[in-house]
Structures are given as structure tokens and as C-alpha cells.
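Listed below are the residues making up each chain.
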Amino acid sequence: MTEFIMIKNCEIMEISKTYTVLVSRFIYAMNWYTISPLLIYIAAEFHTSVNMAGEMIFYFLLGAGIFQIPTGLISYKIGPKLTSVFGMYIIGISTILSSFSTSVEYILLSRFFVGVGAAMFFSPGLAIIKYYADEKSMKKLVGLYNSFFNFGAGFSVIFFSFFAEYFGWKLSLFLSGILALVIGLIDHVTLDDFGYKDKIDFMPIFNKNVILLGISLGGFWGSQFTSAQILSYYLETTKHCGSILSGLPSTILLIAGIFGGISNTYFSSKGDLNKNIIILTILVSITIILIPFLPVYLIFIDAFLLGFFAAADFSLAYYIISNKSNLNVETLSLALGTVNSLQIIIGAPASIIFSYIFKFNIIFSFLFLGFYCNIFLLIFLIKNKKKLNIL
């Protein structure tokens with residue numbers, strides 16, 4: 001009886017640690033998207049244009065993209081726990097420092113380091129989930145991992161839309177950074193150390209299927225991320241909506257992703273996974289292209305569909321990698337880091353190109369995002385006719 005109680009207590013502890021990581025994912029996402037409702041205030045203070053918004057997105061993605069693979073390598077040496085914790089500390093400190101910015105250049109630099117911290121958290125965070133979860137529960141937990149990202153991002157957009165209106169963009173960034181430091185400290189104290197290796201396995205970096213998946217979804221990554229970040233700015237400057245109303249479609253988009261992440265249990269169980277990824281990516285591009293043609297009230301519906309399809313696409317891609325039985329927690333971190341690095345590096349230019357096209361023609365700028373979303377799928381269609389077998 002005593003042994004049974006001890007086993008149950010251990011199971012409860014592991015479940016609680018899994019949800020600690022999910023809460024960290026929530027705070028992590030908040031710091032991704034805190035900047036979105038603040039762009040209009042920052043642009044006004046420093047007398048800049050929409051180009052600044054695109055540059056902030058680009059610098060964040062640059063930091064996140066460059067450090068994805070190094071994160072996987074670091075995780076081999078110090079373990080997923082410390083890697084993700086240090087990533088959260090970097091996110092918190094960089095966001096806090098950005099609240100003291102006296103120039104746009106300072107904010108751009110801080111966003112670069114927020115991206116570095118984000119890279120250090122994501123893949124090790126999912127490896128920690130895999131460490132505590134059994135194989136059957138991974139399908140649900142991968143979906144929840146993405147759902148908590150959208151939950152945190154959506155909460156961040158709507159909360160800081162209100163908060164910044166009364167307290168300003170600097171205090172908004174300061175608060176967001178403090179939360180990252182607090183959850184990083186909680187993770188540091190509560191999660192287990194594991195996954196140390198003396199020898200690094202470089203196999204995931206050179207695996208052709210890992211590379212293929214990262215490249216083929218690179219355009220999708222950049223297009224959906226740019227759309228989510230820029231939608232509030234677009235509504236406020238082009239449709240002349242108030243700051244609170246302008247933040248709602250972005251929030252709807254991100255909250256819809258909660259349901260899109262949960263839907264992974266459906267999309268990962270039905271039909272050919274390749275076809276499901278292709279269909280979801282095409283649906284994302286259609287919702288992006290429709291944005292400039294729709295009145296404000298229909299943008300709300302379009303934003304929901306965009307968020308749902310994008311999160312379902314992400315969850316399915318991550319499930320394909322994380323659910324393979326021959327991936328241990330160290331290999332998983334590096335495989336995910338490789339896919340994310342390729343996605344971000346390919347996707348990052350979308351925000352800059354979009355911003356420059358937006359200055360001259362709004363419709364063409366969104367058409368570009370829709371095209372960019374799909375163009376890299378040609379690689380997927382041409383080179384990968386059989387079922388995708390990651391590792």
C-alpha cells in the first residue's frame with residue numbers, strides 16, 4: 001500500500017512538472033508577442049514607420065534562427081533543463097532592458113537577444129515534456145505545448161493592448177520580462193536535471209528528412225508569424241480602428257491556435273500526414289491573402305481560421321518529429337532545433353519584404369505573404385512523394 005502511494009505521488013509530481021513547462025511556454029509566448037500591441041506607441045515615440053515593425057520582427061527571428069542548432073548542442077552538454085532555464089533568463093533580462101530603450105536601435109538589439117532566449121527554451125522545453133511523458137500521452141502534450149503558446153500569445157496581445165494604453169509601452173515590457181525571470185527561477189528549482197552527454201550526435205543536423213521538413217515549411221513559418229505580428233498595426237493605421245479593437249483580431253488568431261493545437265489528435269490520426277501538412281499550409285495562405293479584401297468584422301473570422309490552421313500545421317510537424325521512438329531527449333532537441341532554424345532563417349525575410357511592399361501597395365504585400373507561404377512547399381511536393389519518415 002505504501003509503495004502504491006509512493007508511485008502515485010511520483011506520477012503526480014511528474015504531471016505537475018509537465019504543466020510547469022506548459023506554464024513556462026505560456027510566459028515564453030507572452031514575451032514573443034508583447035511587442036505586437038506596443039508597435040504603434042514605439043513608432044510614435046521614435047517617429048518611425050511600419051518598416052520599424054518589420055525590422056523588430058526580423059531581428060527577433062534572426063536571434064531565434066541563428067541559435068536553434070547551437071541550442072541543441074548546448075543541451076547535450078548541460079541538459080535540456082538548464083538550457084531552457086537559461087533561455088528564459090535571457091528572455092526576461094533582454095525584455096526588461098528593452099523597457100529602458102532610448103532609441104529604436106536599442107530595441108532592435110534587445111529583440112535579437114529575446115530571440116536568442118526563445119531559441120534556447122523551445123526545443124529543450126519539448127524534450128523535457130518527452131522526458132516526463134509516456135509515448136501515448138505525447139500526441140496530446142505536443143498539441144498542448146503549441147496551444148499554451150497561442151494562449152500566452154493571445155493573452156499578451158489583448159492584455160498589453162489595455163495595459164499600454166494606461167501605463168505605456170516601457171512598463172509593459174518591464175512587466176513581461178519580470179514574469180519570464182520568475183518562471184525561469186521556478187523551473188530552475190522544480191525541474192529535474194537529465195540528458196547530459198559527453199559525445200554529441202550530429203546525425204539530426206544532416207538528416208535529409210529533417211532538412212526537408214524545415215525548408216518546406218519555412219515560407220509558412222515566416223508568413224503566418226508576420227501576419228500575426230502585423231495585424232494590429234494594419235488595423236490601427238489602415239482601417240483606423242482604436243488600439244483595443246485593433247488588438248482583438250490578433251488575439252482571436254492566437255486563441256484560435258489553442259484549438260488548432262488540440263486538433264493535433266485528429267490531424268495526426270487521419271489520412272496521409274504529408275497531405276495534411278500541405279492542405280493546412282495552403283489554407284493558411286488563403287486566409288492571409290484575404291485580409292486586405294475583407295471588412296473589419298470579417299477579419300475577425302478570417303483571423304480565427306488563420307490561427308486554427310497555422311497551429312494545427314505546427315503541431316502536426318512537431319508531432320512527426322517528437323513521436324519517433326528512436327529519438328531520445330538529446331536527439332529530439334537537436335532535430336527540432338534544426339527544423340526550427342531552417343524555418344526561421346527562411347521565414348525571417350518575409351517580414352522585411354512585406355514591410356517595404358506595404359509602404360507602396362497594401363494588397364500586394366499580403367499577396368506576397370500568401371505566395372511566400374506556399375512557394376517552399378514545391379520542394380515538399382517534388383522531393384518527398386513518399387511518407388515522411390523523420391529519422
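Residues numbered from 1 in each chain as written. Predicted model: local features only at pLDDT ≥ 70, side-chain atom pairs only at ≥ 80, totals over all residues. Heavy atoms only, no water.

1. Some points on the pattern of salt bridges
Heads up, the condition is: Any carboxyl oxygen of Asp or Glu within 4 Å of a side-chain nitrogen of Lys or Arg constitutes a salt bridge here. Only runs of H or I of at least four residues qualify as helices and only runs of E of at least two qualify as strands under DSSP, and these elements are numbered from the N terminus.
In the structure shown here, the tally under the stated rule is one salt bridge. When the shortest N-O distance is used, the salt bridge between E45 and K170 registers 3.9 Å. In this pair, E45 sits in helix α2 (residues 39–46) while K170 sits in helix α7 (residues 169–190), placing the two residues 125 residues apart along the sequence.

2. Comments concerning the packing of helix α4 (residues 68–98) against helix α5 (residues 104–132)
Convention followed: In this analysis, axes come from line fits to C-alpha atoms, helices being fitted only over the stretch in contact, and the angle between any two N-to-C directions falls in the range 0 to 180 degrees. By definition in this entry, angles of less than 35 degrees are roughly parallel, angles greater than 145 are roughly antiparallel, angles of 65 to 115 are roughly perpendicular, and the rest are oblique. Two helices crossing with the near one rotated counterclockwise from the far one by less than a right angle form a left-handed crossing, whereas a clockwise rotation gives a right-handed crossing. Residues are sorted three ways: Asp, Glu, Lys and Arg are charged, Ala, Val, Leu, Ile, Met, Phe, Trp, Tyr, Cys and Pro are nonpolar, and all the rest, Gly among them, are polar.
It is the contact of α4 with α5, at a shortest axis distance of 6 Å, that shows an interaxial angle of 140°. When the axes of α4 and α5 are compared, the pair comes out oblique. Where α4 crosses over α5, the two elements pack in a sense that is left-handed. Considered class by class, the residues forming the contact of α4 with α5 number 17 nonpolar, twelve polar and one charged.

3. Describing the packing of aromatic side chains
Where we set the bar: Aromatic contacts are taken between Phe, Tyr and Trp rings whose centres are within 6.5 Å, Trp giving its six-membered ring; a plane angle under 30 degrees counts as stacked, one over 60 as edge-to-face, and the others as tilted. Think of it in three bands: with a 1.4 Å probe and only protein chains considered, a residue is buried below 20% of the maximum accessible area for its type, exposed above 50%, and partly exposed in between.
With the rule as written, the count across this model stands at 33 aromatic pairs. Both rings, one in F100 and one in F174, keep their centres 6.3 Å apart while their planes meet at 90°; by these two values the pair is edge-to-face. Of this pair, F100 sits in the loop between α4 and α5 while F174 sits in helix α7, placing them 74 residues apart in sequence. Arranged with centres 4.9 Å apart and planes meeting at 50°, the rings of F220 and F314 form a pair that is tilted. Residue F220 is found in helix α10 (residues 218–237), and its partner F314 is found in helix α14 (residues 296–322); the two are separated by 94 residues along the sequence. Take F220 and F314: they sit in the same class, and that class is buried.

4. A word on the nonpolar core
General note: in soluble globular proteins, nonpolar side chains tend to be found buried as a group. Under the convention used in this document: Only buried residues count toward a nonpolar core, which is a set of Ala, Val, Leu, Ile, Met, Phe, Trp, Tyr and Cys residues joined through side-chain atoms within 4.5 Å.
Grouped together as the largest cluster of nonpolar side chains are 102 residues, with contacts concentrated most on Y28, W32 and Y33. It is α14 that provides the largest number of residues to this core, a total of 13 residues.

5. So, empty space enclosed by the protein
Regions of empty space are outlined by a rolling probe, equal in size to a water molecule, passed over the atoms. Here is the rule: A cavity here means a set of points on a 1 Å grid, drawn over the protein atoms and nothing else, where a 1.4 Å probe fits but cannot get out; a pocket is an open set with protein on both sides within 12 Å along at least five of seven lines, and a residue lines either one if it has an atom within 4 Å of a point. Grid points are joined across faces, edges and corners, and a volume is the space filled by probe spheres set on the points.
Tallying each qualifying case throughout the model produces two cavities of 30 Å³ or more. Looking at the largest cavity, its volume works out to about 280 Å³. Lining the largest cavity are 24 residues, and of these R25, W32, F149, W221 and F314 lie nearest its centre. At the level of secondary structure, the elements contributing two or more residues to the lining of the largest cavity comprise α1 (2–33), α5, α6 (135–167), α10, α11 (243–262), α14 and α15 (329–347). By volume, the second largest cavity is sized at about 70 Å³.

6. As for the packing of helix α13 (residues 273–290) against helix α17 (residues 362–375)
Defined as follows: Whether two residues are in contact is decided by their heavy atoms, any of which lying within 4.5 Å being enough.
Running from N to C, α13 and α17 cross one another at 175°; their axes reach a closest spacing of 8 Å. Taken together, α13 and α17 sit at an angle that is classed as roughly antiparallel. Every residue of α17 that contacts α13 at T281, I282, V284, S285, I288 and I289 is listed here: F366, L367, L369, G370, C373 and N374. A class-by-class count of the residues in the contact of α13 with α17 yields eight nonpolar, four polar and no charged.

7. Describing the confidence of the model for the protein
Here is the rule: Residue-level confidence of the predictor is what pLDDT reports, using numbers from 0 through 100.
On average, the protein scores 81 in pLDDT, and the residues at 70 or more come to 84%. Across the protein, element-level confidence peaks in α7 with a mean pLDDT of 94 and bottoms out in helix α18 (residues 377–383) with 68. Low pLDDT, under 50, characterises residues 386–391; the stretch is placed with 24 contacts to residues that sit more than four places away or in other chains.

8. Notes on the environment of L248
If you trace the backbone, L248 turns up in helix α11. Separated by 17 residues in sequence, L248 and L231 have C-alpha atoms that sit 9.5 Å apart. For L248, the residues in contact, after removing those within four places along its chain, are I158 and F300.

9. Details of the side chain of S172
Residue position: S172 is located in helix α7. The exposure class assigned to S172 is buried, which follows from its relative accessible area of 0%. Not counting the four nearest positions on each side in its chain, S172 is found in contact with T34, L38, F160, F163 and A164.

10. Digging into α10
As a reminder of what qualifies: Multiplying 1.5 Å by the helix residue count minus one yields the expected span of that helix. Note on bend: the value at a residue is the angle between axes fitted to the seven residues ending there and to the seven starting there.
Over its 20 residues, α10 runs 28 Å from end to end, which matches the ideal 28 Å to within 8%, given 1.5 Å per residue. The largest bend in α10 is about 45°, located at I230.

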